[in-house]
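In case you want the letters, here they are:
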Amino acid sequence: MIFTMPALARSLAEYLAPELFGASIYADPKQQGTKSPALFVRQVYAKASPQLGGFVFRKLGVDLVYLVRFLTVDEESRLQAAADVMDQMLEVFPYSAEEGGPKDFIRTYDRHWEITDSTLHYKFELRLRLTRAEDTALMQSIQELNMEVKP
């Protein structure tokens, strides 16, 4: 399995979009032209440590930023409902390196969420054991990530 950030964003979009009230899902925090509700997939940190046999153990922090229309009557309850959906769905989620390709399941760790300034931040950590080639592909995709994923 080759792990890349664009494939992670696409996999999360395919998995979460049907349950997130018609949200548009984006792979980066773009600001103009965003349709509400919107979910942004952000990588917030990466830590790597080499392992025996040419492997790299990589920890990735992911922040799913969920926005609804600002100052609506039910804004808080919609954000909490989205957090509940993510709590139910994100212990393990399907990942595919390529669209329509075989799926592997990825476990999330240290899941937690908070609502600040009318924005839901659902955060978790991925712990991946990668080969050097996979780690190189991941780091290249992180540096080049600039795309939009629609459900």
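Look a little higher up for the structure.
Sequence positions are assigned chain by chain, starting from 1 and proceeding in written order. Only residues with pLDDT of 70 or above have their local features reported here, since the model is predicted, and side-chain atom pairs are shown and tallied only from 80 upward, although totals for entire chains, interfaces and linings are computed over all residues. The side-chain figures draw on all heavy atoms in the structure; neither hydrogens nor water molecules are used.

**Quick look at the overall build of the protein chain**
Helix and strand counts for the protein chain stand at three helices and seven strands. Strands are runs of DSSP state E lasting at least 2 residues, helices are runs of H or I lasting at least 4, and numbering of each runs from the N terminus. In the protein chain, the succession of α and β elements from N to C terminus is α-β-β-β-α-β-β-β-α-β. Relative accessibility thresholds used throughout: buried, under 20% of the residue-type maximum; exposed, over 50%; partly exposed, between the two (1.4 Å probe, protein chains only). Across the 151 residues of the protein chain, 42% fall into the buried class. Per-residue accessibility takes into account occlusion by the displayed protein chains alone, with areas from the Shrake-Rupley method and a 1.4 Å probe. As displayed, the protein chain has an accessible area near 8100 Å², and 50% of this comes from carbon and sulfur atoms.

**Concerning the pattern of salt bridges**
In what follows, salt bridge is the name for a side-chain nitrogen of Lys or Arg lying within 4 Å of a carboxyl oxygen of Asp or Glu. On inspection of all chains with the given rule, the structure shows six salt bridges. In this structure, the salt-bridge partner of arginine 42 is aspartate 63, at a minimum N-O distance of 3.2 Å. Placement of arginine 42 in strand β2 (residues 38–51) and of aspartate 63 in strand β3 (residues 55–67) is noted, with a sequence separation of 21 residues between them. On the basis of relative accessibility, which here comes to 30%, the residue arginine 42 falls in the partly exposed class. Arginine 127 is the salt-bridge partner of aspartate 110, the closest N and O atoms lying 3.1 Å from each other. With aspartate 110 in strand β5 (residues 104–116) and arginine 127 in strand β6 (residues 119–131), this residue pair connects regions lying 17 residues apart in the sequence. Among the ionic contacts, a cluster of salt bridges with common partners joins Arg10, Glu14 and Lys103.

**Examining the packing of aromatic side chains**
Under the pairing criterion, centres of Phe, Tyr and Trp rings, with the six-membered ring standing for Trp, must be within 6.5 Å; the plane angle then separates stacked pairs below 30 degrees from edge-to-face pairs above 60, leaving the rest tilted. Scanning the entire structure with this criterion turns up two aromatic pairs. An aromatic cluster of at least three residues, connected via ring pairs, comprises Phe93, Tyr122 and Phe124. In our convention, an over-ring charge means Lys NZ or Arg CZ found within 6 Å of a ring centre and within 35 degrees of that ring's normal. Between the NZ or CZ atom of lysine 47 and the centre of the ring of tyrosine 45, over which it lies, the distance is 5.4 Å. Residue placement shows arginine 127 over the ring face of tyrosine 109; its charged tip is 4.2 Å from the ring centre.

**A look at the environment of tyrosine 45**
Within the secondary structure, tyrosine 45 is located in strand β2. Apart from the residues within four sequence positions on either side, tyrosine 45 is in contact with Lys59, Leu60, Gly61 and Glu125. Of note is the side chain of tyrosine 45, whose polar atom sits 2.5 Å from the side chain of glutamate 125. In this analysis, two residues are considered to be in contact whenever any of their non-hydrogen atoms come within 4.5 Å of each other. Any N or O atom pair separated by 3.5 Å or less is treated as a polar contact, with the protein-specific requirement of one donor-capable and one acceptor-capable atom, and with residues adjacent in sequence counted only for side-chain atom pairs.

**A word on the pairing of β3**
By this definition, two strands are paired if DSSP reports at least two bridges between them. Of the pairings in the sheet, the one linking β2 to β3 comprises 13 bridges and is antiparallel in character. Considered in β3, the bridge of alanine 46 is made with leucine 60. Between β2 and β3, which pair antiparallel in sequence order, lie three residues; one of them, glycine 53, sits at a positive phi of approximately 80°. The sheet contact formed by β3 and β6 spans 13 bridges and is antiparallel. Paired with lysine 59 across the bridge in β6 is arginine 127.

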